[in-house]
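Here is how the chains run, residue by residue.
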Amino acid sequence: MRVEVLFPEIANLYGELGNIKYLEKSVPDIYVKETSVNEKPAFLDSNEESFDLVYMGTMSESSQLLVMEKLAPYREEIISSIENGQRILVTGNALEIFGKSISDDTGEKQQCLGIFDFHTERKMMKRFNSLYLGKYGDIDVAGYKSQFTHSFYDDGSLKPLFMTERGPGFNPDVKEEGIRYKNFMATYVIGPLFIINPPLMTAILKEAGIEAEPAFKDAAMDAYRSRIAEYGNPKTGFYY
Amino acid sequence: MGKLRFAIALAAAKLSVIALKITKRNGTNFPGVVAIRICPDFLKYINRPEKIIAVTGTNGKTTVSNLLRDVLAQAGKTVLNNGLGSNIASGIATCLISGVNIFNVEKYKAAVLEVDERSALRIFPYVKPDWMIVTNLSRDSIMRNAHPEYIRKILEDNIPPETKLILNADDLLSAGIAPKNERVYFGIEKMEGDAQESVNLINDMQICPRCHTKLKYEYVRYSSIGKAYCPRCDFRSPEYDYAAYNVDVRSMSMDIRTGDESEHFSLMNEGTFNIYNQVTVITAMHELGYSLSEIKGFMSKVDIVKTRYNVTERGDRTVTMLLSKDKNAYAGSRVFEYIASQPGDKEVILMMNCLGDVKHWSENTCWLYDCDFEFLNGHGIKHIIVTGPREKDYKLRLLMAGVPEDIISACEKETDAPGLLRLFENDNIYILYGTDSIALAGKVKAGVIAAIGEEGTK
């Protein structure tokens, strides 16, 4: 398996690189390329062997600006790559880079890559903290959200990555969460998504044609089943 | 209307102080809560000492604030201080209430106030410090503090322009704060054990803030604490106005240099973060007008408060209680690193679950993957007990860190943990607890002591 991690020096705010470490422990013969922010993403390089997964995690607001500036020259190549089926997973506020714009409550509006038809609204003095419980197909997904933003679908044809059971979706008014377009996947669920959800990781690997058992399967599944039960318990509060 | 409301608020707050004394409930911020509820801009009207030193930052602010207060006391200056209360707006109000009489006449000439970073926006519009110490900025609670840049922005938006800053040159996340303010920098020159590449999972200063080239470090201690430079442009860590050098934890001493002055000091604690705390206080005292020689004299009579660390010996074994702030990966990594650095065979009980979260929702465990659990793999650690609501998450994290499964034990109930101890000869047992599990940790410690006693009688 070949994985490219985009900008790990800045896009790893909430333990997201744990996902890559978990892949490394779960998948034999894995190659991980870490691409720094001053480099062109390798998955756009026609001389590079193809990647099974490209990953980018959560970052600070100033890092978002930097990443947008660095990726803007490659916008058309990124679109073409997504259309050709490149498997990409972006988590947390990394997803906002692929939308149309981010509006601040100060009135400032930042244009983003505009690849997908949604926009983001940000309130820097309001932190939205919650647990998350949803479905990826028939797979239960648990996780955390902690963000200053919400995003809004502007095009009804955009498909979500998860369907929400408890907690906020893409924004608190919708059950749809994230984006799934061909093999592009985006979610606001932050941090060690794969570690907390071994069945999700296994399913995404399977879609990429890779059969692998999650590392430390017994311990990981034990923690997963406990969490799903805990989050499914109506007595468990969901908002901080 | 404002002043009348303030007078009523002050009177009510003073009455609440009397009520708290009668009911023997000291150390709360209740008077400040009462005052601000009656008069929302209470801090605007209450009189305060002529000189105010504020202490903020992610880590070390309580230690620095308490130490500065104690060293000033040795210099004959009794200062107003919120060491017994909280560091948010109501805590600051409570502290200032204790500094005035019922007629709002100030009793103190100076104050050392520990200020919560996020509360800056509610405090600094009214209480304008003459000096502000920023110990450092690092990752903290994801829910509350988001990330260090966010906290830096809050501070920058609220630090009064006239405040002189005392900053850590070795922490680039805070060193560049409020660039227009007058400032001095302290730092520690190269120490034994320094590296040139950070080994920690948290490293938030990897690229040059100007040209985004990967930074290089002349030396780095943990995360991004050290002296950095950009190999491409002229960006580099600030020069030290106050430099610690010849730091030697074997002889427990260091030298401090500022301008043409230098002095030899005894170290108060061998932990690097506490050496920074001591250097911070020396810098602040010098800025207040004392010579290094005078500061050395004052400092020799005080100690760093050890409430977060205590050791009990039982026969050939030790039991050490260590506060490891819950949901704080940065603090956890320092604690794990400390345990790894200690000699001998060890057993560790991990119980830093956030018990407050259990009552309301479920703890966000992202921090586990920012925290260097890898320090618990090897280093004489022969057994680890994971316990509490997140025992299963701890176990998985330890496996990810390479800890063999056969040396991990688990139990849901913390007080069952002592029963799982393996009690090796010359064992050193560490109990790691969070800020809201102090009482529970005390029970676990009692269980450990009892287990050692029972084992000794077998």
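All values reported here derive from a predicted model rather than from experimental measurement.

**Q** Help me understand the overall build of chain B in this model?
**A** Secondary structure summary: chain B contains 15 helices and 17 strands in total. The C-alpha atoms of chain B give a radius of gyration of 23 Å, which matches the 23 Å a tight globule of 458 residues would have. With respect to the three principal axes, the spread of C-alpha positions in chain B is 70 × 60 × 40 Å. A total of 458 residues make up chain B; the buried ones form 50% of that total. At a minimum sequence separation of 6, the contacts of chain B that also span at least 24 residues come to 70%.

**Q** Would you take a moment to explain the overall build of chain A for this structure?
**A** Each helix and strand counted, chain A has six helices and 14 strands in total. For chain A, the C-alpha radius of gyration of 17 Å lies close to 18 Å, the compact-globule estimate for 240 residues. Projected onto its principal axes, the C-alpha coordinates of chain A cover approximately 45 × 45 × 30 Å. Every one of the 240 residues in chain A was classed for burial, and the buried ones make up 50%. In chain A, 67% of the contacts between residues at least 6 apart in sequence involve partners at least 24 apart.

**Q** Help me understand the sheet that holds strand β9 (residues 139-147) of chain A in this model?
**A** Strands pair in a sheet through their backbones, by hydrogen bonds, and they do so in one of two ways: parallel or antiparallel. Residue and element names in this part refer to chain A. Pairing is antiparallel across the open sheet formed by four strands, whose spatial order is β9-β8-β11-β12. Strands with a single pairing partner mark the edges of an open sheet, and in this sheet they are β9 and β12 (176-177). In this sheet, strand β11 (residues 162-166) lies alongside strand β8 (residues 128-136) in antiparallel orientation, the contact comprising three bridges. Within the sheet, the bridge partner assigned to Lys 135 lies in β11 and is Met 163. Where helix α5 (residues 198-207) meets the sheet, its contacts fall on β8 and β9, and the angle it forms with β9 comes to roughly 105°. Relative to the sheet, helix α6 (residues 217-232) contacts β8, β9 and β11, its axis offset from that of β9 by approximately 70°.

**Q** What is the right way to read the interface of chain A and chain B from this model?
**A** Often the size quoted for an interface is simply the accessible area lost on bringing the parts together. On the chain B side, the residues contacting the 35 residues of chain A number 25 residues. For the side of chain A that touches chain B, the elements supplying multiple residues, two or more each, are α1 (17-26), α2 (61-71), β8, β9 and α6 of chain A. In terms of residue count, the dominant contributor to the side of chain A that touches chain B is α6 of chain A (seven residues).

**Q** Explain unusual backbone geometry here, please?
**A** Glycine aside, residues mostly have negative phi angles, and peptide bonds mostly take the trans form. Residues and elements named next belong to chain B. In this model, Lys 327 sits at a positive phi of 60°, which is unusual for a non-glycine residue. Its place among the elements puts Lys 327 in the loop between β13 (317-323) and α12 (329-341). A positive phi is found at Leu 423, a non-glycine position, where the angle reads about 50°. With respect to the helices, strands and loops of the structure, Leu 423 is situated in the loop between β16 (408-411) and β17 (428-433).

**Q** I keep staring at the sheet that holds strand β2 (residues 80-81) of chain B and nothing clicks. Help me out?
**A** Residues and elements named next belong to chain B. A sheet is described by the order of its strands in space; here nine strands give the open sequence β2-β3-β1-β4-β5-β6-β9-β10-β11, paired in mixed fashion. Edge positions in the sheet fall to β2 and β11 (261-266), since each has one partner strand and no second. Contacts from helix α11 (residues 292-299) reach β10 (253-258) and β11 within the one sheet, and its direction differs from that of β11 by about 15°.

**Q** Help me understand the nonpolar core, please; the structure alone is not making it clear to me.
**A** Across soluble globular proteins, nonpolar side chains have a tendency to be buried as a group. All names here are of chain B. Judged by nonpolar contacts, the single largest core of 196 residues is most densely connected at Ile 431 and Leu 432. The greatest single-element share of this core, amounting to seven residues, is contributed by helix α10 (residues 272-287). Residue-level mapping places this core at the junction of two domains, with at least three residues from each of domain 1 (2-189 + 240-299) and domain 2 (310-457). Beyond its immediate stretch of four places on either side in the chain, Leu 432 contacts Leu 322, Ser 324, Val 335, Val 348, Ile 349, Leu 350, Met 351 and Met 352.

**Q** Please clarify how the environment of Arg 127 of chain A should be interpreted in this entry.
**A** Note that Arg 127 of chain A resides in the loop between β7 (118-122) and β8. Accessibility expressed as a C-beta count within 10 Å gives 16 for Arg 127 of chain A, which makes it partly exposed. Along the sequence, Arg 127 of chain A and Lys 145 of chain A sit 18 residues apart, while their C-alpha atoms lie 9.9 Å from each other. Setting aside its immediate chain neighbours within four residues, Arg 127 of chain A contacts Ser 146 and Phe 148 of chain A together with Met 143 and Ala 146 of chain B.

**Q** How do you make sense of the environment of Leu 215 of chain B when you look at a structure like this?
**A** Assignment of secondary structure puts Leu 215 of chain B in the loop between β6 (183-188) and β7 (216-222). Taking the C-alpha atoms as reference, Leu 215 of chain B lies 6.8 Å from Pro 231 of chain B; in sequence the two are 16 residues apart.

**Q** It is not clear to me how the pairing of strand β14 (residues 184-187) of chain A should be interpreted in this structure. Could you clarify?
**A** Looking along a regular strand, one sees the side chains alternate between the two faces of the sheet. All names here are of chain A. Both faces of β14 are covered, namely the face carrying Phe 184 and Ala 186 and the face carrying Met 185 and Thr 187. For strand β13 (residues 179-181) and β14, the ladder comprises three bridges, and the chain directions are antiparallel. Its bridge partner being in β14, Arg 180 is matched across the sheet by Met 185. Remark: two residues form the turn of the hairpin made by β13 and β14, two consecutive strands paired antiparallel; Lys 182 in that turn has positive phi of roughly 50°.

**Q** Looking at this structure, I do not really get the domain arrangement of chain B. What am I missing?
**A** Residue and element names in this part refer to chain B. Assigned domains within chain B: domain 1 (2-189 + 240-299) and domain 2 (310-457). Of the residues lining the interface, nine residues belong to domain 1; the matching set on domain 2 comes to eleven residues. Residues that form the side of domain 1 that touches domain 2 fall into these classes: three nonpolar, four polar and two charged.

**Q** I'm lost on the confidence of the model for chain B in this one. Help?
**A** As a general rule, the predicted coordinates of low-pLDDT regions are not to be interpreted in detail. Taken as a whole, chain B shows an average pLDDT of 93; of its residues, 98% reach a score of 70 or greater. Reported for the predicted complex are a pTM of 0.93 and an ipTM of 0.97.

**Q** Help me understand the packing of helix α4 (residues 61-74) of chain B against α10 of chain B, please; the structure alone is not making it clear to me.
**A** Packed helices, taken two at a time, are described by the angle between their axes plus the distance between the axes. All names here are of chain B. Running from amino to carboxyl end, α4 crosses α10 at an angle of 45°, the nearest separation of the two axes being 9 Å. In terms of orientation, α4 and α10 fall into the oblique class. As α4 packs across α10, the resulting crossing turns out to be right-handed. Residue-level contacts link Thr 63, Val 64, Leu 67, Leu 68 and Val 71 of α4 to Asn 274, Asn 277, Thr 280, Val 281, Ala 284 and Met 285 of α10. Partitioning the contact of α4 with α10 into residue classes produces seven nonpolar, four polar and no charged.

**Q** What exactly am I supposed to notice about the pairing of β7 of chain B here?
**A** All names here are of chain B. The pairing of β7 with strand β8 (residues 225-229) spans five bridges and is classified as antiparallel. Bridged to Lys 216 within β8 is Tyr 229. Two successive antiparallel strands, β7 and β8, enclose a turn made up of two residues, where Ser 223 displays a positive phi of approximately 45°.

Criteria and cut-off values
- Residues numbered from 1 in each chain as written.
- Chains lettered and ligands numbered in written order.
- Predicted model: local features only at pLDDT ≥ 70, side-chain atom pairs only at ≥ 80, totals over all residues.
- Helix = DSSP H or I, 4+ residues; strand = E, 2+ residues; numbered from the N terminus.
- Rg over C-alpha atoms; globule rule 2.2 N^0.38 Å.
- Buried ≥ 20, exposed ≤ 12 C-beta atoms within 10 Å, placed from the backbone.
- Contact = placed C-beta atoms within 7 Å.
- Pairing = 2+ DSSP bridges.
- Axes fitted to C-alpha atoms, helices over the stretch in contact; angles between N-to-C directions.
- Core = buried A, V, L, I, M, F, W, Y, C linked by C-beta atoms within 7 Å.
- Domains from an automatic or database assignment.
- Nonpolar A, V, L, I, M, F, W, Y, C, P; charged D, E, K, R; others polar.
- pLDDT = per-residue confidence, 0-100.
- Parallel < 35°, antiparallel > 145°, perpendicular 65-115°, else oblique.
- Left-handed = near helix turned anticlockwise from the far one by under 90°.

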